[in-house]
Amino acid sequence: MTIQEKRREELVRAAFNQLAERGFEGLRTREVAAEVGVNIATLHYSFPTKESLIRGVLEYAMGRFRSTLAPHGSPSDQLRNHLRAVRRLLIDEPELASVMGELALRSARDKSIAALMSEMYDVWHSTVRGLLRRAARAGDLRPELDSDGVAAVVVATLTAMTLPTMAEASRRDQALRQLERWLGMTPARGSRKSTK
């Protein structure tokens, strides 16, 4: 990693931490630069605009979510593991939920952030849709499920978990368990899965 790449990473982490602690309105580029020990001109060399810094934060956050996509096991195992790993990630790194929730809420009032969020959700949606299609082809999911529509529900559910109203772990667990049951990935309460 070059010095410039290391500095960019440090600036992104500092901005991420400010967003998690103070929200979007509390993000100050001068303070981000100071936290990393550089001047504002150096920050602007790496990130010419606040939007480019936010893009860096969003890319970092999405990298954390991508880390929950393990490429081994059946497609349905991969999807189940992704859902459970996202839940674990949000418990282990509550600041990630804070940042993503903050950016999601801000995107309603800021077109540039909305565009960044939309771009990120499109990639996530495509990834989940691919997993669903492969799981249906493998016979692990009901073939009549619309993979595009179901991907939208999965991403919407996971996204909602970053909002303050879903901060309680029991609500997240309830939503994920129901999503898994709906997809046929776990047996319904009180029933046993056939071993045929």
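The rules behind these values
Residues numbered from 1 in each chain as written. Predicted model: local features only at pLDDT ≥ 70, side-chain atom pairs only at ≥ 80, totals over all residues. Heavy atoms only, no water. Salt bridge = Lys/Arg side-chain N within 4 Å of Asp/Glu carboxyl O. Helix = DSSP H or I, 4+ residues; strand = E, 2+ residues; numbered from the N terminus. Buried < 20%, exposed > 50% of the residue type's maximum accessible area, 1.4 Å probe, protein only. 1 Å grid on protein atoms, 1.4 Å probe; cavity = no way out; pocket = protein on both sides within 12 Å on 5 of 7 lines; lining within 4 Å. Points joined across faces, edges and corners; volume = space filled by probe spheres on them. Contact = heavy atoms within 4.5 Å. Polar contact = N/O pair within 3.5 Å; in protein donor to acceptor, adjacent residues only side chain to side chain.

Undergrad: If you had to explain the pattern of salt bridges to someone new, which residues and values would you point to?
TA: This model, assessed by the stated rule, comprises twelve salt bridges. Here Arg55 ties to Glu119 by a salt bridge, and the two come within 3.1 Å at their closest N and O atoms. Taken together, the residues Arg55 in helix α4 (residues 50-66) and Glu119 in helix α7 (residues 111-137) connect sequence positions 64 residues apart. The partly exposed category is assigned to Arg55, whose relative accessible area is 31%.

Undergrad: Describe in detail empty space enclosed by the protein, supporting the description with residues and values.
TA: Evaluation of the coordinates by the stated rule reveals one cavity of 30 Å³ or more. Lining the largest cavity are Leu132, Arg133, Ala136, Leu141, Arg142, Leu145, Ser147 and Val150. Within the residue set of the lining of the largest cavity, elements represented by two or more residues are α7 and α8 (147-160). When residues in the lining of the largest cavity are grouped by element, the largest group, three residues, is from α7.

Undergrad: Explain the environment of Glu31 residue by residue, including any values.
TA: Mapped onto the fold, Glu31 is located in helix α2 (residues 29-36). In sequence terms Glu31 and Arg55 are 24 residues apart; their C-alpha atoms lie 18 Å from each other. Beyond its immediate stretch of four places on either side in the chain, Glu31 contacts Gln18 and Arg22. Separated by 2.4 Å, the side chains of Glu31 and Arg22 make a polar contact.

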